[in-house]
Amino acid sequence: MLVFERLDDARDVCECSKVCQRWRRLASHDAVWNVLLKRHWVGTSAVACLIEDSTAPSPKQLFAHWHQRYRGFTESYTRMRRSMVRLETWAEGNCPPLLLSLAPGLGWMGNESVPVRELLSVVNDSPAMRDFLMAYHLHDGQRRRRQFLDYGLFGSYDCYGEVCSLSWISSRMLQIISMGQFRLL
């Protein structure tokens, strides 16, 4: 079990499960999959509510569902989720108004603003673009209200005379512009 828990990739765990029946039982153990869920910063309650089965899903089922849903984006999900959790934890203790200024995420492949598929067409298979999309999946920028103007993250500068505020812009402000053969975000 300790060896299986140290494997970084779910594919390695699945390959090990093919060795024999005993290894299959060990590789299917909840502890192994709980470690993988934690390693990838997967919120089990968020994934569990997406599964339509009435019974409580096992950690292996949760991981499989998460992996299927974010296919091609799992590395970006892990990186951005870890960053967002660190930001939220820091803001909760040091700057609660900053935490309150974050707008809810778009949801996965949401189309409330610029469609994700269209954004993907701007930069072909770029890890940075995948991270960018995942950041918007988790939080859709900062709310621009008077009470939050002193707290900024990243994205753009808003300058009013001598006062500049760095803020994370909302996806509603993003546009894709075609300029000849180029498409710019």
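Our subject is the structure that appears above.
Residues numbered from 1 in each chain as written. Predicted model: local features only at pLDDT ≥ 70, side-chain atom pairs only at ≥ 80, totals over all residues. Heavy atoms only, no water.

Q: Can you walk me through the nonpolar core in this structure?
A: Inside soluble globular proteins, nonpolar side chains tend to come together where they are buried. One finds Val13, Trp33 and Phe63 to be the most contacted residues of the largest nonpolar core, which totals 22 residues. Contributions of two or more residues to this core are made by helix 2 (10-16), helix 4 (30-39), helix 6 (59-69), helix 7 (74-94) and helix 10 (127-138). Apart from residues no more than four positions distant in its own chain, phenylalanine 63 is found in contact with Ala10, Trp33, Leu36, Leu37 and His40. (Core = buried A, V, L, I, M, F, W, Y, C linked by side-chain atoms within 4.5 Å. Buried < 20%, exposed > 50% of the residue type's maximum accessible area, 1.4 Å probe, protein only. Helix = DSSP H or I, 4+ residues; strand = E, 2+ residues; numbered from the N terminus. Contact = heavy atoms within 4.5 Å.)

Q: Teacher, can you tell me more about helix 4 here?
A: Helical periodicity: at 3.6 residues per turn, an α-helix aligns residues three or four positions apart in one direction. Along helix 4, the residues classified as buried are Val32, Trp33, Leu36 and Leu37. Within helix 4, the buried residues cover an arc of 135 degrees as seen down the axis, which keeps them to one side. Remark: tryptophan 41 follows helix 4 within two positions and exhibits a positive phi of approximately 55 degrees. (Arc of directions from axis to C-beta.)

Q: What's the story with the packing of helix 7 against helix 10 in this structure? I'm lost.
A: Helices that pack against each other are described as a pair by the angle of their axes relative to one another and the distance between those axes. Their axes nearest at 9 Å, the elements helix 7 and helix 10 cross at an angle of 50 degrees. For the element pair helix 7 / helix 10, the angle class is oblique. Between helix 7 and helix 10 lies a crossing whose hand is right-handed. Contacts between helix 7 and helix 10 involve Ser76, Tyr77, Arg79, Met80, Arg81 and Met84 from the first element and Pro127, Arg130, Asp131, Met134, Ala135 and Leu138 from the second. (Axes fitted to C-alpha atoms, helices over the stretch in contact; angles between N-to-C directions. Parallel < 35°, antiparallel > 145°, perpendicular 65-115°, else oblique. Left-handed = near helix turned anticlockwise from the far one by under 90°.)

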